[in-house]
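# Secondary and tertiary structure notes
For reference, the chains in residue letters:
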Amino acid sequence: MPVPAAADPQARWRDLIDRRLPEAARARPDWPVHREHGFARILLDNACGGPWRESVGVPAWANLPPERLALAIELGEAVLAGRAELDLLNRRSLLWRGKVRAAPAPDELVVPGGLLLRRWRRGDDAPFADLNADPAVMAHFPSLRGRAESLNEARAFDRRFAADGFGPWAVEEAGRFVGFVGALRMMRPMPFPGGERPGEGVEIGWRLARGAWGRGIATRAARAALADLFGRCGVAAVVAYTAEGNVPSRRVMERLGMRPDGSFAHPAIAVNHPLSHHILYRLGARDLPKQDLPKQDLPEQDLPERDLPGESA
């Protein structure tokens, strides 16, 4: 008996790309793409955090890891429901592919006290993989991460700067990589106000090696990242969230001046999982001291790109 499309993610993806989005596009002349390959490019790039062919074999629908395919489908459904801006998703894809030019993000931010926030380097790969394989560091994540997954995450983090102008900074202390601190656009629809529309909300987060714990590194680095985010990037507000039992991370959020704003079940974690219940925090730009908000005008220039030549997805 055939598997119903609703129960088969790959069939659901094909139906979304081959039928539902192109049909909806007939009534949306304002959409930047109207053909199957255009929708596939946009959704796959955003689900992969960069040009999808760099991390996924062809055909993507058969080779994409289940969690990324689920995210691509979620983004497509959000576009159809009017909860995600196709223009924003398209722009991120085009920036990654070099079809749109934007003012570059700075290469680094110097933090008083001997910290450096900088863009990612290939030399960070091994210590980042070690960090993600440390049970203590990953205690509030559903699972450890293997080396290949860590490398993909590091590349996706650095590509965030090209797509959004900001991202998770690699943190360096005394010339040594100790983790990351920074902001990300939330591309997965989240069940709280301001998180429903993929790509519009911004989250601040961090992950540090055990040797960097207990010395205020996360707080100092996050303050510098927030100052850059609210100042140079013009972001108006951020959220942060973590599993209820992650007391150290919640303390960092409170030291940053973030205020708790309820709780929710994380949509990527099974409801009965002990890490499902998350606490939400918020911070607005006006709540950060004004002297911490550098002003910098960085104009950008776009190239008029819409549908790209077809790719087998």
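Above this text sits the structure in question.
Description of the structure in this document. (Residues numbered from 1 in each chain as written. Predicted model: local features only at pLDDT ≥ 70, side-chain atom pairs only at ≥ 80, totals over all residues. Heavy atoms only, no water.)

### Regarding the overall build of the protein chain
Within the protein chain, the secondary structure is distributed over 9 helices and 8 strands. Across the 313 residues of the protein chain, 49% fall into the buried class. Roughly 14,900 Å² of accessible area belongs to the protein chain as shown, and the carbon and sulfur atoms make up 52% of that amount. (Helix = DSSP H or I, 4+ residues; strand = E, 2+ residues; numbered from the N terminus. Buried < 20%, exposed > 50% of the residue type's maximum accessible area, 1.4 Å probe, protein only. Areas by Shrake-Rupley, 256 points an atom, 1.4 Å probe, with all protein chains shown as cover.)

### Some thoughts on unusual backbone geometry
A cis geometry characterises the amide bond from Val58 onward to Pro59, with omega recorded as 0°. With respect to the element layout, Pro59 can be found in the loop between helix 2 (36–48) and helix 3 (60–63). The phi dihedral of Ala174 is positive, around 55°, even though this residue is not glycine. In this fold, Ala174 is placed in the loop between strand 3 (168–173) and strand 4 (176–185).

### With respect to the pattern of salt bridges
Summed over all chains, the structure comprises 25 salt bridges. Connected through salt bridges with shared partners, the residues Arg118, Arg121, Asp124 and Glu172 form a single ionic network. (Salt bridge = Lys/Arg side-chain N within 4 Å of Asp/Glu carboxyl O.)

### Focus on the packing of helix 6 (residues 125–132) against helix 7 (residues 147–164)
The contact between helix 6 and helix 7 brings their axes to 9 Å, and the two run at 120°. Crossing of helix 6 over helix 7 shows right-handed handedness. Counting all contacts with helix 6, which are made through Asp125, Ala126, Phe128, Ala129 and Asn132, the residues of helix 7 involved are Arg147, Ser150, Leu151, Glu153, Ala154, Arg155 and Phe157. Taken together, the residues that form the contact of helix 6 with helix 7 break down as 6 nonpolar, 2 polar and 4 charged. (Axes fitted to C-alpha atoms, helices over the stretch in contact; angles between N-to-C directions. Left-handed = near helix turned anticlockwise from the far one by under 90°. Contact = heavy atoms within 4.5 Å. Nonpolar A, V, L, I, M, F, W, Y, C, P; charged D, E, K, R; others polar.)

### Considering empty space enclosed by the protein
Tallying each qualifying case throughout the model produces 1 cavity of 30 Å³ or more. There is about 40 Å³ of room inside the largest cavity. Around the largest cavity, the lining residues are Phe166, Gly167, Trp169, Gly182, Ala183, Ile204, Ala225, Leu226, Asp228 and Leu229. The biggest single contributor to the lining of the largest cavity is helix 8 (residues 217–231), with 4 residues. The residue makeup of the lining of the largest cavity, split by class, is 7 nonpolar, 2 polar and 1 charged. (1 Å grid on protein atoms, 1.4 Å probe; cavity = no way out; pocket = protein on both sides within 12 Å on 5 of 7 lines; lining within 4 Å. Points joined across faces, edges and corners; volume = space filled by probe spheres on them.)

### Some remarks on helix 4 (residues 66–80)
Here helix 4 spans 21 Å end to end across 15 residues, near enough to the 21 Å set by a 1.5 Å rise per residue. Taken as a whole, helix 4 has its buried residues at Arg68, Leu69, Leu71, Ala72, Ile73, Leu75, Gly76, Glu77, Ala78 and Val79. Structurally, helix 4 contributes buried residues whose contacts are with helix 1 (9–25), helix 2, helix 3, helix 5 (86–96) and helix 7. Taken from the residues just after helix 4, Gly82 is the one with a positive phi, measuring 75°. (Expected span 1.5 Å × (residues − 1).)

### Some remarks on the packing of aromatic side chains
All told, the structure shown has 13 aromatic pairs when counted by the stated rule. Linked through ring pairs, Trp120, Phe128, Phe157, Phe177 and Phe180 together constitute an aromatic cluster. (Phe/Tyr/Trp six-rings, centres within 6.5 Å; stacked < 30°, edge-to-face > 60°.)

### Overview of the pairing of strand 2 (residues 115–118)
The two faces of strand 2 match: Leu115 and Leu117 on one face and Leu116 and Arg118 on the other face are all buried. By the bridge criterion, 4 bridges tie strand 1 (residues 108–111) to strand 2 in an arrangement that is antiparallel. Within strand 2, the position partnered with Leu109 by the bridge is Leu117. The antiparallel hairpin formed by strand 1 and strand 2 contains 3 residues in its connecting segment, where Gly113 sits at a positive phi of about 100°. Summarising the sheet, strand 2 and strand 3 pair through 4 bridges and their orientation is antiparallel. Following the sheet pairing, Arg118 is matched in strand 3 by Ala170. (Pairing = 2+ DSSP bridges.)

### Details of the packing of helix 2 against helix 4
Between helix 2 and helix 4, whose axes approach to 8 Å, the crossing angle comes to 130°. Regarding the angle of helix 2 to helix 4, the classification is oblique. Handedness of the crossing formed by helix 2 with helix 4: right-handed. Seen from helix 2, the contacting residues are Leu43, Asn46, Ala47 and Cys48; seen from helix 4, they are Arg68, Leu71, Ala72, Leu75 and Gly76. Residue classes in the contact of helix 2 with helix 4 are distributed as 6 nonpolar, 2 polar and 1 charged. (Parallel < 35°, antiparallel > 145°, perpendicular 65-115°, else oblique.)

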